[in-house]
Amino acid sequence: MEIGSKLKNARNDSGLTQEQAAEAIGVSRQTISNWENNKSYPDIISVIKMSDIYSVSLDHLLKEEKSMNQTYQEFLEESTNTVNAKQRLEKIILFSTYFLVWTIAMVIFWQVKGPVTFECDVVFRWILLPSVLLVMTIFIAKNNYWGKGNWFSVPVAAITYLTVPYTRFMEESGNATYTFRFPNFGYMLIGIIVAVCGICIGSLIRSRGNAFPGGGKK
């Protein structure tokens, strides 16, 4: 059983809500929720306080299946490192996927000798790139990777979208016209809107999750 589940069970068994536990420990309710959902881990002082408040032993909270030679601090550091490693992997996957799609789009739209077809324009400019950006910003805000720094993804999106040029080949009345426009300020606006929407949606999901963790007793 993970430590988050142990903390949640111990709090429920003590008859306390997240708000009551947070007030007794001296932290926010969101912090309690993060601990119980394994998004972060409490320091040793907070664990000792919970042991007293919930009327359970430290061994019950932390060392059920751990070697008795391992200190509480070592266990907490190990758990925290596991969470951090998981978050780093998520960030790598998210950013790698986004920049891979962006790189492919850049190669396609910058090929001067081959104007972009309508199908490529729709797939990369209007489906793939916005979809990946939306998912990435939702995850950033939902997991609150950088706090207020989550909004830094908006200017990043603006810059990457600005660099995707408008390129189109049109033929009318026997006359062929090739249009290439850079920087693409109109598309930059799309990137800003998508990023803002993603941050707002992710923040809403996080706030609702904190308000109703697990759909059960708070």
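Above: the structure in question.
Computed from a predicted model, the values in this text were never measured in an experiment.

K.L.:
Lay out the packing of aromatic side chains with the relevant residues and their values.
P.N.:
Applying the stated rule across the entire model yields 8 aromatic pairs. Summarising the aromatic geometry, the rings of Phe 99 and Trp 102 are spaced 6.0 Å apart at their centres and angled 90° between planes, so their arrangement reads as edge-to-face. Taken as a pair, Phe 99 and Trp 102 lie in helix H6 (residues 72-109) at a separation of 3 residues, close to a single helical turn. Here Trp 110 and Phe 180 contribute two aromatic rings whose centre-to-centre distance is 5.2 Å and whose plane-to-plane angle is 65°, an arrangement assigned as edge-to-face.

K.L.:
Provide a residue-level description of the nonpolar core, including the pertinent values.
P.N.:
Nonpolar side chains in soluble globular proteins generally cluster together in the buried interior. Ranked by internal contacts, the top residues of the largest apolar core, which has 25 residues, are Tyr 98, Phe 109, Leu 129, Leu 133, Met 136, Tyr 161 and Val 164. Broken down by secondary-structure element, the contributors of at least two residues to this core are H6, helix H7 (118-142), helix H8 (153-162) and helix H9 (185-211). With 8 residues, H6 is the largest single contributor of residues to this core. Those residues in contact with Tyr 98 that sit more than four places away from it in its chain are Leu 129, Val 132, Leu 133, Met 136, Ala 157, Thr 160 and Tyr 161. Residues Leu 7, Met 50, Tyr 54 and Val 56 belong to the second largest nonpolar core, which totals 15 residues.

Cut-off values and rules
- Residues numbered from 1 in each chain as written.
- Predicted model: local features only at pLDDT ≥ 70, side-chain atom pairs only at ≥ 80, totals over all residues.
- Heavy atoms only, no water.
- Phe/Tyr/Trp six-rings, centres within 6.5 Å; stacked < 30°, edge-to-face > 60°.
- Helix = DSSP H or I, 4+ residues; strand = E, 2+ residues; numbered from the N terminus.
- Core = buried A, V, L, I, M, F, W, Y, C linked by side-chain atoms within 4.5 Å.
- Buried < 20%, exposed > 50% of the residue type's maximum accessible area, 1.4 Å probe, protein only.
- Contact = heavy atoms within 4.5 Å.

Spatial relationships are all this shows, so hold off on functional conclusions.
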